[in-house]
Amino acid sequence: MALQFAPIGAIALRYGAVALATYVATRAIAPGRLAQPVEDEMDATPEGLTLRKTEEQVNASARWRRAVRLGRNGSGVRVDATLLGRLKVERIA
């Protein structure tokens, strides 16, 4: 009995195209940098949403920390999402 290679070939081409696109994307993206003072500031950010406004700028921070489990005693992950933002608006003539 002969194997039908057409469906296998289509799947292989699809996964190959995804792998090639991923490889090209990882080469095109510049590596990020790690700034330890910024990491320390994110660790010190309080949980919840904060907002501070002055005449010149608005600063906001948000932190969400949760533990997500699969079932009552199942394995899980701890999620710590921190957002720091600044919006500066200057009037120009």
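First, a word on scope: everything that follows refers to the structure included in this document. Keep in mind that what you see is a predicted model, and the values were worked out from it rather than measured.

### Describing the overall build of the chain
At step 1: On a plain count of helices and strands, the chain comes out with 2 helices and 3 strands.
At step 2: When the helices and strands of the chain are listed from N to C terminus, the series reads α-α-β-β-β.
At step 3: A globule of 93 residues ought to have a C-alpha radius of gyration of about 12 Å, yet the chain, at 24 Å, is considerably larger.
At step 4: Each of the three principal axes of the chain carries a C-alpha extent, and together these read 80 × 55 × 25 Å.

### Observations regarding a nonpolar patch on the surface
At step 1: Residues Leu20, Tyr23 and Val24 make up a contiguous nonpolar surface patch of roughly 310 Å² in combined accessible area.
At step 2: For Tyr23, a relative accessible area of 47% puts it in the partly exposed group.

### So, the side chain of Ser61
At step 1: Among the structural elements, Ser61 can be located in strand β2 (residues 57-69).
At step 2: Looking at Ser61, the relative accessible area reads 11%, which means it is buried.
At step 3: Within the structure, Ser61 has its side chain in polar contact with the side chain of Thr50 (distance 2.3 Å).
At step 4: When neighbours within four sequence positions are excluded, Ser61 is seen to be in contact with Thr45, Gly48, Leu49, Thr50, Leu83 and Leu84.

### Examining the pairing of β2
At step 1: Strand direction decides the pairing type here: strand β1 (residues 48-53) and β2, joined by 6 bridges, are antiparallel. The partner of Thr50 across the bridge, within β2, is Ser61.
At step 2: Between the end of β1 and the start of β2, which pair antiparallel, lie 3 residues.
At step 3: Between the antiparallel neighbours β2 and strand β3 (residues 76-88) lie 6 residues, among them Gly71 with a positive phi of about 85 degrees.

### A few points about the sheet that holds β2
At step 1: Read from one edge of the open sheet, 3 strands run β1-β2-β3, paired in antiparallel fashion. Unpaired on one side and paired on the other, β1 and β3 mark the two borders of the sheet. Across the sheet, the mean angle separating the axes of adjacent strands is 5 degrees when strand polarity is ignored.
At step 2: Alignment of β2 against β3, held across 13 bridges, turns out to be antiparallel. The residue of β3 that forms the bridge with Trp64 is Ala81.

### Some details on the environment of Ile11
At step 1: For Ile11, the position within the fold is in helix α1 (residues 5-28).
At step 2: Distance in space between the C-alpha atoms of Ile11 and Arg72 is 38 Å, their sequence separation being 61 residues.

### What about the pattern of salt bridges?
At step 1: This model, assessed by the stated rule, comprises 2 salt bridges.
At step 2: With its nearest N and O atoms 2.7 Å apart, the salt bridge here joins Arg66 to Glu47. Residue Arg66 is found in strand β2, and its partner Glu47 is found in the loop between α2 (36-44) and β1; the two are separated by 19 residues along the sequence.
At step 3: Residue Arg66 is classed as partly exposed on the basis of its relative accessible area, which comes to 42%.

Thresholds, definitions, all that
Residues numbered from 1 in each chain as written. Predicted model: local features only at pLDDT ≥ 70, side-chain atom pairs only at ≥ 80, totals over all residues. Heavy atoms only, no water. Helix = DSSP H or I, 4+ residues; strand = E, 2+ residues; numbered from the N terminus. Rg over C-alpha atoms; globule rule 2.2 N^0.38 Å. Patch = residues over 30% accessible without salt bridge, like charges linked within 9 Å, V, L, I, M, F, W, Y side chains within 5 Å. Areas by Shrake-Rupley, 256 points an atom, 1.4 Å probe, with all protein chains shown as cover. Salt bridge = Lys/Arg side-chain N within 4 Å of Asp/Glu carboxyl O. Buried < 20%, exposed > 50% of the residue type's maximum accessible area, 1.4 Å probe, protein only. Polar contact = N/O pair within 3.5 Å; in protein donor to acceptor, adjacent residues only side chain to side chain. Contact = heavy atoms within 4.5 Å. Pairing = 2+ DSSP bridges. Axes fitted to C-alpha atoms, helices over the stretch in contact; angles between N-to-C directions.

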